[in-house]
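Results of the structural survey
Chain by chain, the residues:
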Amino acid sequence: MSDTHAHTVSFVRTETLPEREPPYAASGPVKWMRENLFATPANGLLTLVALYVIYVALSGVLPWIFNGVWNAGSLTECREILDGTRGACFAVLSERWPQLIFGFKYPPEYYWRPTVAFLLLFVAVAPVLFFDLPRKLLAFTAVYPFIAFWLIWGGTVLSPVLAFVGVAGGAMVYQKLVNRSFAAGFFGGIVAAYVIWKIGGFLIPETASDNAMLGAVPSRDLGGFMLNMMLGVTCVTLSVPIGIALALGRQSSMPLIKWICVVFIEFIRGVPLITLLFVASVMLAYFFPPESSVDLFLRVVIMITMFSAAYIAEVIRGGLAALPKGQYEGADSLGLDYAQATRLIILPQALKISIPGIVNIAVGLFKDTTLVSVISMFDILGMIRGPILASTEWNGVYWELLGFAALLFFVVCYGISQYSQWLERRLATDHR
Amino acid sequence: MKKSVFLGALTVAGLAAGAAAAGTLDDVKARGTLNCGVTTGLVGFAAPDANGEWKGFDVSVCRAVAAAVLGDATAVEFVPTTGKTRFTALASGEIDMLARNTTWTFSRDVDLKFTFVGVNYYDGQGFMVPKALGVSSAKELDGATVCVQTGTTTELNLADFFRANNISYDPVPIETNAEGQQQYLAGACDTYTTDASGLAATRATFENPGEHALLPEIISKEPLGPLVRHGDDEWGDVVRWTLNALITAEELGVTSANVNEMASGSTNPEVKRLLGTEGTLGEMLGLDADWAMRAISSQGNYGEIFATTIGEETPIALSRGLNAQWTNGGLIYSPPFR
Amino acid sequence: MTTMTDPPQGSFRLSMLLYDTRYRSMTFQAIALLTLIVAIAYLTNNLLVNLAAQGLNISYGFLADPAGYDIDQRLIEYDNQMSHSRAALVGVLNTLLVAFLACMMATIFGVIAGVLRLSKNWLVSKLMAFYVEIFRNIPVLIWIIIIYTIMTAVLPPPNAFRGDNATSSMLMDMFAFTNRGIYLPAPVWGPGSMVVVAVFIASVFGVFAYRRYAKTLLYSTGQLLPTGWPSLVILLVPTILMYFIMGRPVGLDTPALQGFNFRGGIKVGAPLIALWFALSIYTGAFIAENVRAGIQAVSKGQTEAAGALGLRPGRIMNLVVLPQALRVIIPPLISQYLNITKNSSLAIAVGYMDITGTLGGITLNQTGRAIECVLLLMLFYLTISLSISAIMNVYNNSVKLKER
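Note that the structure is a prediction, hence the values are computed from the model and not measured.

Some details on the overall build of chain B
If you tally the helices and strands in chain B, you get 14 helices and 14 strands. Principal-axis analysis of the C-alpha atoms places the extent of chain B at approximately 65 × 60 × 40 Å. Scored against the burial criterion, the 338 residues of chain B give a buried share of 62%. Sequence-distant contacts, at least 24 apart, represent 70% of the contacts inside chain B between residues at least 6 apart. Carbon and sulfur atoms make up 52% of the accessible area of chain B, which totals about 12,000 Å².

A short note on the interface of chain C and chain A
Across the contact, 53 residues belong to chain C and 52 residues belong to chain A. Taken together, the two surfaces of chain C and chain A that pack against each other cover about 4,800 Å², and 77% of this comes from carbon and sulfur. Considering only the surface of chain C that becomes buried against chain A, C:Gln29, C:Asn137 and C:Met378 emerge as the three largest contributors, covering 12% of it. Where chain C touches chain A, the interface holds 0 salt bridges. Where chain C packs against chain A, one counts 13 residue pairs in polar contact (both at pLDDT 80 or more). Those elements that provide at least two residues to the side of chain C that touches chain A are α3 (21–54), α5 (122–136), α6 (140–154), α9 (270–297), α12 (355–367) and α13 (370–399) of chain C. For the side of chain C that touches chain A, the element with the most residues is α3(C), which contributes 13 residues. Its residues assigned to classes, the side of chain C that touches chain A comprises 38 nonpolar, 11 polar and 4 charged.

Considerations on the side chain of C:Ser83
All names here are of chain C. With respect to the helices and strands, the residue Ser 83 is situated in the loop between α3 and α4 (84–117). Looking at Ser 83, the relative accessible area reads 17%, which means it is buried. At 2.9 Å, the side chain of Ser 83 forms a polar contact with the side chain of Ser 85. Excluding its chain neighbours within four sequence positions, the residues that come into contact with Ser 83 are Leu 63, Ala 64, Asp 65, Pro 66, Ala 67 and Tyr 78.

Let's talk about the environment of C:Ile146
Among the structural elements, C:Ile146 can be located in helix α6. The exposure class assigned to C:Ile146 is buried, which follows from its relative accessible area of 12%. In this structure, the C-alpha to C-alpha distance between C:Ile146 and C:Ala274, residues 128 residues apart in sequence, is 8.3 Å. Contact partners of C:Ile146, with chain neighbours within four places excluded, come to A:Trp399 and A:Leu402.

Structural notes on the interface of chain B and chain C
Between chain B and chain C, the residue contacts involve 35 residues of the former and 36 residues of the latter. Taken together, both faces of the contact between chain B and chain C bury some 2,800 Å²; the carbon and sulfur share is 47%. Linking chain B with chain C are 3 salt bridges. Two residues, B:Asp111 and C:Arg369, come together in a salt bridge whose shortest N-O distance is 3.7 Å. On inspection of chain B and its partner chain C, the count reaches 11 residue pairs in polar contact (both at pLDDT 80 or more). Where the side of chain B that touches chain C is concerned, the elements lending two or more residues are α4 (86–91), β9 (144–149), α6 (153–164), β10 (169–174) and α7 (177–185) of chain B. Here the residues of the side of chain B that touches chain C are counted per class, giving 14 nonpolar, 9 polar and 12 charged.

Looking at a nonpolar patch on the surface
Residue and element names in this part refer to chain C. A cluster of nonpolar residues, Val 195, Trp 229, Val 233, Val 237, Leu 241, Ile 245 and Met 246, forms a patch on the protein surface that exposes about 670 Å² of accessible area. No other element matches the 5 residues that helix α8 (residues 228–245) contributes to the nonpolar patch. You can call Val 195 partly exposed: its relative accessible area is 34%.

Comments concerning helix α9 (residues 182–203) of chain A
Residue and element names in this part refer to chain A. Between its terminal C-alpha atoms α9 stretches 32 Å, which fits the 32 Å expected from 22 residues at 1.5 Å a residue. Turning to α9, its buried residues are Gly 185, Gly 188, Gly 189, Ala 192, Ala 193, Trp 197 and Gly 200. End-on, the buried residues of α9 take up no more than an arc of 165°, which puts them together on one face. Facing away from the buried side of α9 by over 90 degrees, the exposed positions are Val 191 and Phe 202.

Regarding the domain arrangement of chain B
All names here are of chain B. Along its sequence, chain B is organised into domain 1 (22–122 + 224–328) and domain 2 (125–220). For domain 1 and domain 2, the distance between their C-alpha centres works out to 29 Å. Counting residues at the interface gives 16 residues for domain 1, matched by 14 residues for domain 2. A buried area of about 1,100 Å², summed over both sides, lies between domain 1 and domain 2, and 59% of it is on carbon and sulfur atoms. Looking at the side of domain 1 facing domain 2, the largest losses of area belong to Leu 42, Val 43 and Ile 316, adding up to 29% of the total buried there. On inspection of domain 1 and its partner domain 2, the count reaches 0 salt bridges. Here domain 1 is connected to domain 2 by 1 residue pair in polar contact (both at pLDDT 80 or more).

Focus: the domain arrangement of chain A
Segmenting chain A into domains produces domain 1 (22–66) and domain 2 (220–432). Measuring from the centre of the C-alpha atoms in domain 1 of chain A to the corresponding centre in domain 2 of chain A gives 41 Å.

Some details on the nonpolar core
When a protein is soluble and globular, its nonpolar side chains tend to lie buried together. Counting 260 residues, the largest nonpolar core has A:Leu222, A:Phe297, A:Val300, A:Leu401, B:Met97, B:Trp235 and B:Leu275 as its most contacted members. Among the elements that line this core, the one with the most residues is helix α13 (residues 296–322) of chain A, at 17 residues. Membership of the second largest hydrophobic core comes to 17 residues, among which are B:Leu141, B:Val146, B:Ile167 and C:Phe260.

What about the packing of aromatic side chains?
The full count for this structure, using the stated rule, is 47 aromatic pairs over all chains. Seen from their ring centres, B:Trp54 and B:Phe78 are 6.0 Å apart, and the 35° between their planes marks the pair as tilted. Here B:Trp54 is found in strand β3 (residues 54–55), whereas its partner B:Phe78 is found in strand β4 (residues 76–81), with 24 residues between them in sequence. Ring geometry for B:Phe162 against B:Tyr169: centres 4.5 Å apart, planes inclined by 35°, an arrangement best described as tilted. Each member of the pair, B:Phe162 as well as B:Tyr169, carries the same accessibility label: buried. Each residue in the set B:Phe45, B:Phe57, B:Tyr121, B:Tyr302 and B:Phe306 is aromatic and connected to the rest through ring pairs, giving one cluster. One cation-aromatic arrangement involves A:Arg269 over A:Tyr311; the distance from NZ or CZ to the ring centre is 5.3 Å.

Cut-offs and rules
- Residues numbered from 1 in each chain as written.
- Chains lettered and ligands numbered in written order.
- Predicted model: local features only at pLDDT ≥ 70, side-chain atom pairs only at ≥ 80, totals over all residues.
- Heavy atoms only, no water.
- Helix = DSSP H or I, 4+ residues; strand = E, 2+ residues; numbered from the N terminus.
- Buried < 20%, exposed > 50% of the residue type's maximum accessible area, 1.4 Å probe, protein only.
- Contact = heavy atoms within 4.5 Å.
- Areas by Shrake-Rupley, 256 points an atom, 1.4 Å probe, with all protein chains shown as cover.
- Buried area = accessible area lost by both parts, 1.4 Å probe.
- Salt bridge = Lys/Arg side-chain N within 4 Å of Asp/Glu carboxyl O.
- Polar contact = N/O pair within 3.5 Å; in protein donor to acceptor, adjacent residues only side chain to side chain.
- Nonpolar A, V, L, I, M, F, W, Y, C, P; charged D, E, K, R; others polar.
- Patch = residues over 30% accessible without salt bridge, like charges linked within 9 Å, V, L, I, M, F, W, Y side chains within 5 Å.
- Expected span 1.5 Å × (residues − 1).
- Arc of directions from axis to C-beta.
- Domains from an automatic or database assignment.
- Core = buried A, V, L, I, M, F, W, Y, C linked by side-chain atoms within 4.5 Å.
- Phe/Tyr/Trp six-rings, centres within 6.5 Å; stacked < 30°, edge-to-face > 60°.
- Lys NZ or Arg CZ within 6 Å of the ring centre and 35° of its normal.

Below, the structure written as C-alpha cells:
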C-alpha cells in the first residue's frame, strides 16, 4: 500500500531534508538573551535599568581605580601627580600597609613572625576543614596554638613549651582514666595540667624572656588586621568547647545546671557585643583579684569568647535537637552511660549537622572583631580612623583606606562562606 | 572551668603579670616598665610618629618619671586611652599614672578619687573656626554646629557658655581628636572646641593652617596635669616631685646639657639638693640620689620639653603665656626642694 | 507482697551519691551550685575589695543630677539642666527610633532583593546576588562609617547653599541635603487641621470596611469587586475634600538657610541617616536570603496546582505562595530585627545619641560611674531582646502547623 501511495502522491518527499540551523533568534546568545534578559517587556525594562546601574557604578569607579597613584608621600603629592584628574591615592596603602596589617607598634623587624604564623594557620586548619587529608596532620594542629603564640608574642620559648607539656600531660591522664569514668578522666586531666603548670611556673626563671631567641612583644603592641585575625581565630577556637558544654548543659535533665546555662546563654545573646566590650574595657578589671592586672587584649578575648560561645551553643543545641530520638534510645539500649553516649554517639552526629551553623557564627564573629576599635584598640579600623586619617599627610583619604579594609574582610568572609556551602553539599548524605 | 584553665595557661605564659595593690612604686620597680596612660593621639602632647615612637609634652613627663624611677627613659609602656577608658584604666591599676591632658577638677579629685600631682600646662577652652566663616567672636556662634569631644570638661563648659550667653548650638559629639579633626575639615561642624593648646596642635597638622583661626574667647580654666590613684601617697610623691624637679630645673637654669657639670660644679645648695650631691631627698622618695638628674638629662627641664614639643619653634607654635616660670610672670611654680 | 516492691531500706551509703544514678544528678547539681556560689562570691569579693581600695561605691544617685551636656537629635524635650536619667530616656527613644526605621527599610530592601534574586532575569538575579554577598561579608561597622563618610565628606556643607553663586541648591525648595543632615519640610497644624486628620483616620477604617464587604460578597455570591482603585479613592478623596473645605489648615514649614545652618522643618541628622541606611542595607542582605529561602521552601507543586485551578500569577503569589513562605520567613526575620536593635548600639561610632551614646557614653564619661552605667545599659538591651523573643514565641505558636 505504501508503495502505491508513494507512487500516486507525487508531492510527498521521499528523502530527508538536510538539517538546517535553528533560526537566528532561537539559538546562541540571542536566544539566551531573549530568554534570560528580555522575556517580557517588563523584564526587558528591568534589564535596561540594571545595565544602567552597572554602567553608572563602573564608569564612576573604574577610572578612579585605574588612574590611581601608588607612589606618593602625602595626599597633596597625590593631587599634584593626578593634576586635577580623578583618581585614587593608593599611595597611602603602599606607604602604610605594614601599619594596616600589623598595627603601628609591632616591631617592623619582627613582621615575619606573624606572617609565618599566618601561613602555618592554613596548614593547621586544613585537616580540620577537609576530612580527606591524612589524620596525622592533626598532630600539627594540636601544636599550632603554642607555636603561633610563641611566634607572635615571642619571649622565652619555655612558656609555650610548658603550656604544651601541661596540655599534653592532661591529655595523657585523660586517656588513661577515661575508660574508667569520663568524669575521672576529665577532672584528672585538668588537675594534671594544672599541677604541671604550677611546678613549671616555678622552674622558669623570671628573666627568661630577656634574652630569648624571639624578642618579646607586649600584647598591647598588636594591631591592624593581624589583631582582627587573632581575635577571630582565638575566640572561635576557644568558644567551640565552651559552646558544646553550654549546649549539653541546656539539654540536661538536671534543672539547676539547665537553668545556669539558659540564663547565661540568654543573657549574652540579649545584649549587644559592644556592651560586653565596655565590660571588658571599663568593668572587668574590677572583678579580678586586686593584686593582679589582666591586660586589655586578654579581657577582650574573654568577653568575645563568652559572646560567641553563647551563639555556638544555640547552633549546637539545634544540631542536638535535629538528631532522631532513636539515636538517644539506641545508645541507652546499648548500655552506654551519659558521657559515653554523648561522646561516642550523640556529639559526632550533632556536631556534623552544626558545622555550617558554626561557620556562619565564626564569619559573623570575625566581622564583629572590628568593634574593638570603639574601645581604643588599634585594629585595622582603629588604625584607619585613628593614626592614619589623623596624620598630616593622609588627612582625607577615606575611600582607599575603607575600601582596602572592606576588601580584606570580604575576601576572608566570602572565602569562609564558600567553604561552608561546599561543606553543606558534602555533608548532605540524604539522597534527593 | 575551661576559662580558668585558659586564664591559668596565660598567667603561666606571662601575659598577665604585674600587680597594682599597695605600693605602685615597688610594682613599677619589680616590673621594670612604667605603664603610662596617654591620649590616643594629639600631636605635640602625645602621638606616635611614623615609626610608632610616642612623642610629645605629656609623653616626656612619663619618660621623666621612668628615668627617675627605673633609670631608663625608654622603659615606658604607653597605653592609649579615650575619654571613656582613661579613668577606669587608672582606677583598675592597668596604668600607673595618667598623663593625658586631663583637667584637674573638684569632682575628679574628690568623687572619682584621683590625686592630681600638679599642673604641667595651664590651658583654657577655645574655639577654632575657618576664616572663611567670617566669625570673630564666640558670641557670634548662635546656631552654629559645634564639634566637641565627649567625656571631657569641654563638653560641659560648652553647654554652660552657650546657656550663659543665651545662644543656641547643635553639638556633634566625637570620641577622639582625630575624628574631630576630620569632621571639622569636612565642614560637618562650623567650629571645633577643645583646649586652646589642643586646637593649636590640631591646626598645626592641617594642610593649610592659615585658613583657620582661633577665636579670642577662652571660656574656661583647664589646668592639665598628670594624675595617680588616691591612697598611694608614696607613688604620688614620686610623680609630683619628678614634675617639680623638671620645673625647678628650669628655674635654676639646669638643662639637659649642663646637668652633669652643675651636679659637680654648682655652688647653689638648692641645685645640689635637687641633683642629689647634697642631702638625701632621693632616699626620702624611695629612690636613689641621682633620680632628678636622670629625669632632667634624659628629657631636659620643663622649658626644654616645652620648647621641643609644643613651643614656638615647633609647628604647634604655642607661646609660654601662662606657662612661663613665675619669675617671668607665668604660673609655673614649684615648691622648693628642701 | 509489699516487702517485694519496697526499695532496700536503711542501706544508704555515701558512695551511692556518686554511683547510684538516682542520687548522682543531685551530687552534680550540688557541686555546680557550690561552684557557682563560690565563683560569684569570689568575683563579688574582688569587686568590693577593689572598690574599697579606691574608696568608690556603687550608687545610682548620679542619675538624678543635672546632665550638663546637650543632645542634638532628640524626640522629647531636653536641655542640659535636666537629669542624667532624662538624657538616658532621650537615648532610649533614639535607639527605638533608629531601630524602627531600620527594621522597616531593611524589610523593604530584603524583600525586593530576595524576590528579584529569584527573578528569571539573569542580569537582575546576578546583580542581587552581588548585593547580598557584598553586604553580608563586610562588617556593619565599616558600612556605617562608609555611609557616614559619604554624608559628611561628599554632601555639601550649608555654606554651599549661601549667596548668589551658591554651588548647591535645595531640591524643589523644600529639601536640603547637607553634610549635617537632611532637612525636610515639617507640617504645621493650623486650626481645623484636627478635622482633616479625623477624616483621614475615618477613611482608613473605611478602606478596611470596604475590603471586608468585598470579601463577604465574594464568598456569598461569587461576585468579585475591584479593590485596588476604590480603596485609593476612599482613602484620599474625603481627606482632600475636607482639606479644601476647612480652608487648607495644614501648612508646610520649609527649612531655610539662616545663620550657620538651615532652620525650620525637620532635621534628620547625618549620624541617624548613616546608621539607618547602613543597618538597613546590611541587614537587608540577610533578610533577602531569608526571603529567598522562604519562597524556595514552598514546593513547586503548590504553584502548579494553583495554576491548574486557574489562579492568576499575582493571586498565586498572594494566596498560595506567600502565606506558606511567611511561615518560614518570619522567625528569622524577627531575629534579624533583634540584630538591628542590638547593632544600633554601634551608633557610638558616628556620634548618634542613642542609649549607648548617652548613658553608656557621655554620662559614663562625665560621672565616671562605669559599673552602674554598663549594668543599666545591659539591662535595657536585655529587656528589649527578651520582649522580642517573647513576641516571637507567641507568633511561632500561632502559625505552627495545626496537626490534628
